[in-house]
Amino acid sequence: RLALRCARAEAAELRLDAHPSLSVSRAALLPPGGEPPGEALPVSCSPFASYGSALHLQLPRPARLGQRVDILIEYEAGGGPGVCWLTPEQTAGKQKPFMYTQGQAVLNRSFFPCFDTPSVKCTYSATVEVPEGFTAVMSATSWEKQNDTTFVFKMSQPIPSYLIALAVGDIVSAEVGPRSRVWAEPCLIEAAKKEYDGVIEEFLVVGEKLFGPYVWGRYDILFMPPSFPFGGMENPCLTFVTPCLLAGDRSLVDVIIHEISHSWFGNLVTNATWGEFWLNEGFTMYAQRRISTEIYGLAYTCLEAATGRALLRQHMDNTGEDHPLNKLRVVIEPGVNPDDTYNETPYEKGYCFVSYLAHLVGDQSKFDAFLQAYVNRFKFQSITADDTLAFFLEHFPELKEKGVDSIPGFEFDRWLNTPGWPPYLPDLSPGEQLMKPADELAALWAADSLNMEAIEAVDITAWRVYQLIYFLDQILEKSPLPEDNMERLSKMYPKISKAQNAELRLRWCQIILKNNLEAEYSKVKEFLHSQGKQKYTLPLYRAMWGGSESARALALETFSATAPQLHVNVQNYIKQILGLQVEE
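The rules behind these values
- Residues numbered from 1 in each chain as written.
- Predicted model: local features only at pLDDT ≥ 70, side-chain atom pairs only at ≥ 80, totals over all residues.
- Heavy atoms only, no water.
- UniProt positions renumbered as here; feature names shortened; annotations may be inferred.
- Helix = DSSP H or I, 4+ residues; strand = E, 2+ residues; numbered from the N terminus.
- Rg over C-alpha atoms; globule rule 2.2 N^0.38 Å.
- Buried < 20%, exposed > 50% of the residue type's maximum accessible area, 1.4 Å probe, protein only.
- Contact = heavy atoms within 4.5 Å.
- Areas by Shrake-Rupley, 256 points an atom, 1.4 Å probe, with all protein chains shown as cover.
- Lys, Arg positive; Asp, Glu negative; His and termini not counted.
- Charge placed at Lys NZ, Arg CZ, Asp CG, Glu CD.
- Expected span 1.5 Å × (residues − 1).
- Core = buried A, V, L, I, M, F, W, Y, C linked by side-chain atoms within 4.5 Å.
- Domains from an automatic or database assignment.
- Buried area = accessible area lost by both parts, 1.4 Å probe.
- Salt bridge = Lys/Arg side-chain N within 4 Å of Asp/Glu carboxyl O.
- Polar contact = N/O pair within 3.5 Å; in protein donor to acceptor, adjacent residues only side chain to side chain.
- Nonpolar A, V, L, I, M, F, W, Y, C, P; charged D, E, K, R; others polar.
- Axes fitted to C-alpha atoms, helices over the stretch in contact; angles between N-to-C directions.
- Parallel < 35°, antiparallel > 145°, perpendicular 65-115°, else oblique.
- Left-handed = near helix turned anticlockwise from the far one by under 90°.
- Disulfide = S-S within 2.5 Å.
- Pairing = 2+ DSSP bridges.

- Looking at an unreviewed UniProt entry, one finds the protein named Aminopeptidase B and attributed to Piaya cayana.
- Note on the protein: under the UniProt heading Sequence similarities (unreviewed entry), the record states "Belongs to the peptidase M1 family."
- Under the UniProt heading Catalytic activity (unreviewed entry), the note attached to the protein is "Release of N-terminal Arg and Lys from oligopeptides when P1' is not Pro. Also acts on arylamides of Arg and Lys."

So this is what it looks like as structure tokens:
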């Protein structure tokens, strides 16, 4: 049921986003707030793009400007890309099936007919019936269990369609803070509780201090089955995250800081179009690093930001700097799937632009105050970069007077519309005290003859995970290493070569492939069998496919074994890498 208000006088047709996998059996016009059956409406579908179709409903009479229109649509869904059905084998417990929805960017049109654009926000409610022995959860401000198999949800704040999310499975919860619980399959719940007990509240409190009130009530986390293709999805009140975050040592909790930061940037203030995704992600990266600086200090945060910068460098080297996707304002042509424009640029180049704005202000507390004012001004709205930048100049009239939007080389227009490396990079030198030892150690390992005395003098046991990641990034850059160095490196640091931490495993696998260390191919295979996160999976297939004959064989063998446990989008991206036929 949709409660709508007519925004254009004499509108006689309602057009909604839908998907060929949705079958609509009936549509009706209801009296405002009234009950079915209502007045039947003619319904038709027309093609729109590869990722969806248009649903046309003809109104019996044109609607007046401002008139409320209530529509009932009876339909069936489930076969589309936004609704993921997992077999028991694809879950952690391997006993019961699991289903979840993933709306971002344009997939929720295959879950329910809607205005599937981030420019429209609405509240929602849902009643979900499940089979016995299953639990339903949604991105909603209230959750009520009516009986063993019926759950009622209500989201009282307006959100864009892509943030409406549902998951059903054999899941249980544990409290980890005054307004937070973790949800997971029973076999993971203890690990989830241990990893996150007490930390979420600390992040929320710092976020509120910096960016203003947390408006969503609860902040819960659902640990997804291993095939979940993303690190996290910031569904309001209930972030969906990869079980890869259960590293056992709290070393990856910063991913949660990123998702928590979306509570202000993305969920509360939202990009009106996917072409300006940096408004969601660039501000969220900045917010994440502000929270991290408050909690873990500047040096560690700079080190984490340096690994982010390395990812941006890698991406731009892969695509070429002047690739049109390497602009902050991406032109998404009609019919192009916004998901296919996803890359590091809105995150890390976006972060650089927000950092540049902070640099123009020159005073951290003043810029923090600007961010609070910005959130307060645009909360529950969807906006463009022009809105953001106009508000920035309005907030700092002295900067507007100085013409900071058109400083040669740093023009706001250039930031938005010119592809390439960011014109300004924030100073990450406070991280050098942690980077320098890692740089020096990597240089020792890249030497033709190894100076084992110097290598053994460096104790890496106390290094935190981002220091190890940074070290591995340097090794990867210097690879292939001289003959035999790899085997010795692997033996010397079991903390790295046998790590369970997914970020370390990814990089170790990339190093194995770049050095063609066939003796450790099994580690690549094991890692790809253990999880299906897109950010870990695709780079490894690219590396295998760009490698030796045996690496290519490993790619084909691993893909044929793991394909059924992967998300369909990830399957298709791998098929593209391997030159296989992609099903529409």
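From this point on, the discussion continues.
1. A look at the overall build of the protein
Next, step 1: The number of helices and strands found in the protein is 20 helices and 21 strands.
Next, step 2: Against the 2.2 N^0.38 benchmark of 25 Å for 584 residues, the protein shows a C-alpha radius of gyration of 25 Å, consistent with a compact globule.
Next, step 3: Taking the principal axes of the C-alpha coordinates as reference, the protein spans close to 85 × 65 × 45 Å.
Next, step 4: By the burial criterion, 56% of the 584 residues in the protein qualify as buried.
Next, step 5: Taking the intrachain contacts of the protein between residues at least 6 apart in sequence as the baseline, contacts between residues at least 24 apart amount to 70%.
Next, step 6: Only carbon and sulfur atoms are counted for the fraction: they give 52% of the accessible area of the protein, which is about 24500 Å².
Next, step 7: When the 51 basic and 71 acidic side-chain charges of the protein are each reduced to a single mean position, those positions are 3 Å apart.

2. Some details on helix α4 (residues 278-296)
Next, step 1: In this model α4 runs 25 Å from its N-terminal to its C-terminal C-alpha over 19 residues, within 8% of the 27 Å that 1.5 Å per residue would give.
Next, step 2: By the criterion of burial, α4 is predominantly enclosed, with 15 of the 19 residues buried.
Next, step 3: Note on α4: the residue one or two positions beyond its end, Gly297, has a positive phi of about 95°.

3. Considerations on the nonpolar core
Next, step 1: Core analysis: the biggest nonpolar cluster contains 177 residues, and Tyr196, Phe392 and Phe471 have the highest contact counts within it.
Next, step 2: Here this core takes ten residues from helix α6 (residues 345-361), the largest share from any one element.
Next, step 3: Those residues within four positions of Tyr196 in sequence are excluded, and the remaining contacts are Val176, Val182, Ile221, Phe223, Leu245, Leu246, Arg250, Leu252, Val253 and Ile256.
Next, step 4: Counting residues in hydrophobic clusters, the runner-up holds 16 residues, among them Cys6, Leu16, Leu29 and Val69.

4. Things to note about the domain arrangement of the protein
Next, step 1: We note that the domain assignment places domain 1 (1-77), domain 2 (78-263), domain 3 (270-427) and domain 4 (499-578) within the protein.
Next, step 2: The distance between the C-alpha centroids of domain 2 and domain 3 comes to 27 Å.
Next, step 3: Opposite the 31 residues of domain 2 that make contact, domain 3 presents 29 residues.
Next, step 4: Carbon and sulfur atoms make up 63% of the surface buried where domain 2 meets domain 3, a total of about 2500 Å² over both sides.
Next, step 5: Remark: the boundary between domain 2 and domain 3 carries one salt bridge.
Next, step 6: Salt-bridge contacts for Lys209 lead to Glu294; the nearest nitrogen and oxygen are separated by 3.0 Å.
Next, step 7: One can count 14 residue pairs in polar contact (both at pLDDT 80 or more) joining domain 2 with domain 3.
Next, step 8: Looking at the side of domain 2 that touches domain 3, the elements with two or more residues in it are β13 (150-160), α2 (199-211) and α3 (254-261).
Next, step 9: For the side of domain 2 that touches domain 3, the element with the most residues is α2, which contributes eight residues.
Next, step 10: For the side of domain 2 that touches domain 3, the residue count by class is 16 nonpolar, nine polar and six charged.

5. Re the UniProt feature "active site" (unreviewed entry) in the protein
Next, step 1: UniProt annotation of "active site" (unreviewed entry) refers to Glu259 and Tyr347 when read in the numbering used here. For the residues just named, distributed over 89 residues, the greatest C-alpha separation is only 12.9 Å, placing them together at one site.
Next, step 2: Within the element layout of this structure, Glu259 appears in helix α3.
Next, step 3: Its relative accessible area of 5% is what places Glu259 among the buried residues.
Next, step 4: In this structure Glu259 touches Tyr219, Gly232, Met233, Glu234 and Thr239, once residues within four positions along its chain are discounted.
Next, step 5: Counting through the fold element by element, Tyr347 comes out in helix α6.
Next, step 6: Under the relative-accessibility criterion, Tyr347 is labelled buried at 13%.
Next, step 7: Polar side-chain contacts of Tyr347 include one of 2.9 Å to the side chain of Tyr342.

6. What about the packing of helix α5 (residues 298-319) against helix α13 (residues 465-478)?
For any two helices packed against each other, one specifies the inter-axial angle together with the distance between the axes.
Next, step 1: The interhelical angle for the contact between α5 and α13, taken along N-to-C directions, is 30°, at an axis separation of 9 Å. Here α5 lies roughly parallel to α13, going by the angle between them. Crossing hand, α5 versus α13: left-handed. Of α13, the residues touching α5 (which contributes Tyr300, Leu303, Glu304, Ala306, Thr307, Ala310 and Gln314) are Val465, Tyr466, Gln467, Ile469, Tyr470, Asp473 and Leu476.
Next, step 2: Considered class by class, the residues forming the contact of α5 with α13 number nine nonpolar, three polar and two charged.

7. Examining the state of the cysteines
Next, step 1: Under the definition given, this model contains zero disulfides.
Next, step 2: No disulfide involves Cys6; its sulfur sits 17 Å from that of Cys122, the nearest cysteine.
Next, step 3: Its sulfur unpaired, Cys244 is 12 Å from the next cysteine sulfur, which belongs to Cys509.

8. Quick notes on the sheet that holds strand β18 (residues 232-233)
Next, step 1: One open sheet accounts for five strands, arranged β15-β16-β17-β19-β18; its pairing is mixed. Two strands lie at the open edges of the sheet, namely β15 (172-177) and β18, each paired on one side alone.
Next, step 2: The sheet contact formed by strand β17 (residues 220-223) and strand β19 (residues 238-241) spans four bridges and is parallel. Paired with Asp220 across the bridge in β19 is Leu238.

9. Some remarks on α13
Next, step 1: For α13, which comprises 14 residues, the first-to-last C-alpha distance of 20 Å matches the rise-based estimate of 20 Å (1.5 Å per residue) to within 8%.
Next, step 2: With twelve of 14 residues buried, α13 lies mostly within the body of the structure.
Next, step 3: Residues of α13 that are buried: Val465, Tyr466, Gln467, Leu468, Ile469, Tyr470, Phe471, Leu472, Asp473, Gln474, Ile475 and Leu476.
Next, step 4: Contacts from the buried residues of α13 go to α3, α5, α11 (432-445), α14 (485-492), α15 (494-497) and α16 (502-514).

10. Some points on the pattern of salt bridges
Note that side chains of opposite charge can pair when their charged atoms are close.
Next, step 1: One pass over the structure, following the stated rule, counts 27 salt bridges.
Next, step 2: Across the salt bridge formed by Arg181 and Glu175, the nearest N and O atoms sit 3.3 Å from each other.
Next, step 3: In this structure Glu175 comes out as partly exposed when scored by relative accessible area, which is 43%.
Next, step 4: A salt bridge links Glu557 to Lys525; the shortest N-O distance between them is 3.0 Å. With a gap of 32 residues between them, Glu557 in helix α19 (residues 549-562) and Lys525 in helix α17 (residues 521-530) connect regions that are remote in the sequence.
Next, step 5: Overall, the relative accessible area of 29% leaves Lys525 in the partly exposed class.
Next, step 6: What emerges from the salt-bridge pattern is a single network uniting Glu175, Arg181, Arg218 and Asp220.

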